Amino acid sequence: MYDVIGSPTSRAIRVLWMLEELGQPYRLQPEQPQSEIVRQHNPTGKVPILIEGDHKITDSTAILTYLADKHGALTAPTGTIARAQQDSVTQQILDEVEAALWTASRHSFILPKERRVPGIKDTLNWEYNRGIHNVMARRKGPYLMGDDFTIPDIVLTHCATWAKFAGFDTENTDLVPYIKHTRAREAFRRLVPKKG
């Protein structure tokens, strides 16, 4: 049994989706970032946090990678060219897509008001679209890495959903059908009612 701490509206949904895909039992402790309980487990106050026995893992990508490797699913094998290519796509998503969304969030409600730059959102939306275009240009099949659903599909689908709620427009015509395809997976459909 895994324990996951974090709000289902945060990056914690990536971990929940992975666990649903793997068919692994878990308990969700819904907590917002920076809550007292979150800070007890992660001094940065960030979520998600995966707890397995006496061990804690933070950072959604680290958790996804750990779970995929441990259960031998949703990833290419370690030490292979396919894995290096998969990790390259994952890192590209984090660098070119998620970074723009995270910066927009910081300048919308996270940073102190006097540190926010509201006008930056137009530039970040442009950067997000450039990143989406670059990632989608690498897609090798119905999923990013080809026929198999893997870690970068979870990360990109979450980012695209986040972008929609953040009011980012997309100019990439391939993104919407791709997202509909990934969100149609049985594991994701099981997860949606749990978000409440």
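In this text, all values refer to a predicted model and were calculated from it rather than measured experimentally.

About the thresholds
Residues numbered from 1 in each chain as written. Predicted model: local features only at pLDDT ≥ 70, side-chain atom pairs only at ≥ 80, totals over all residues. Heavy atoms only, no water. Helix = DSSP H or I, 4+ residues; strand = E, 2+ residues; numbered from the N terminus. Expected span 1.5 Å × (residues − 1). Buried < 20%, exposed > 50% of the residue type's maximum accessible area, 1.4 Å probe, protein only. Arc of directions from axis to C-beta. Contact = heavy atoms within 4.5 Å. Polar contact = N/O pair within 3.5 Å; in protein donor to acceptor, adjacent residues only side chain to side chain. Core = buried A, V, L, I, M, F, W, Y, C linked by side-chain atoms within 4.5 Å.

Asks: Tell me about helix α3 (residues 60-71), residues and numbers included.
Replies: The terminal C-alpha atoms of α3, which comprises 12 residues, lie 16 Å apart, in line with the 16 Å expected from a rise of 1.5 Å per residue. Among all positions of α3, only Ser60, Thr61, Ile63, Leu64, Leu67 and Ala68 are buried. On an axial view of α3, the arc spanned by its buried residues comes to 160°, and they lie on one face. Contacts made by the buried residues of α3 are with β1 (2-5), α1 (12-22), β3 (49-52), β4 (55-58), α4 (81-110) and α6 (151-165). If you check the start of α3, you find a side-chain oxygen 3.0 Å away from the backbone N of threonine 61, and it comes from aspartate 59.

Asks: Can you lay out the nonpolar core for me, pointing to particular residues and giving the numbers?
Replies: Counting residues in each nonpolar core, the largest one holds 47 residues, and the members touching the most others are Met18, Leu67, Ile93, Val97, Tyr128 and Leu156. Looking at this core, the elements that each hand over two or more residues are β1, α1, α3, α4, α5 (121-136), α6, α7 (175-183) and α8 (186-195). With 8 residues, α6 is the single largest residue contributor to this core. Other than its neighbours up to four places away in sequence, leucine 156 contacts Ile93, Val97, Ile132, Val135, Met136, Leu144, Tyr178 and Ile179.

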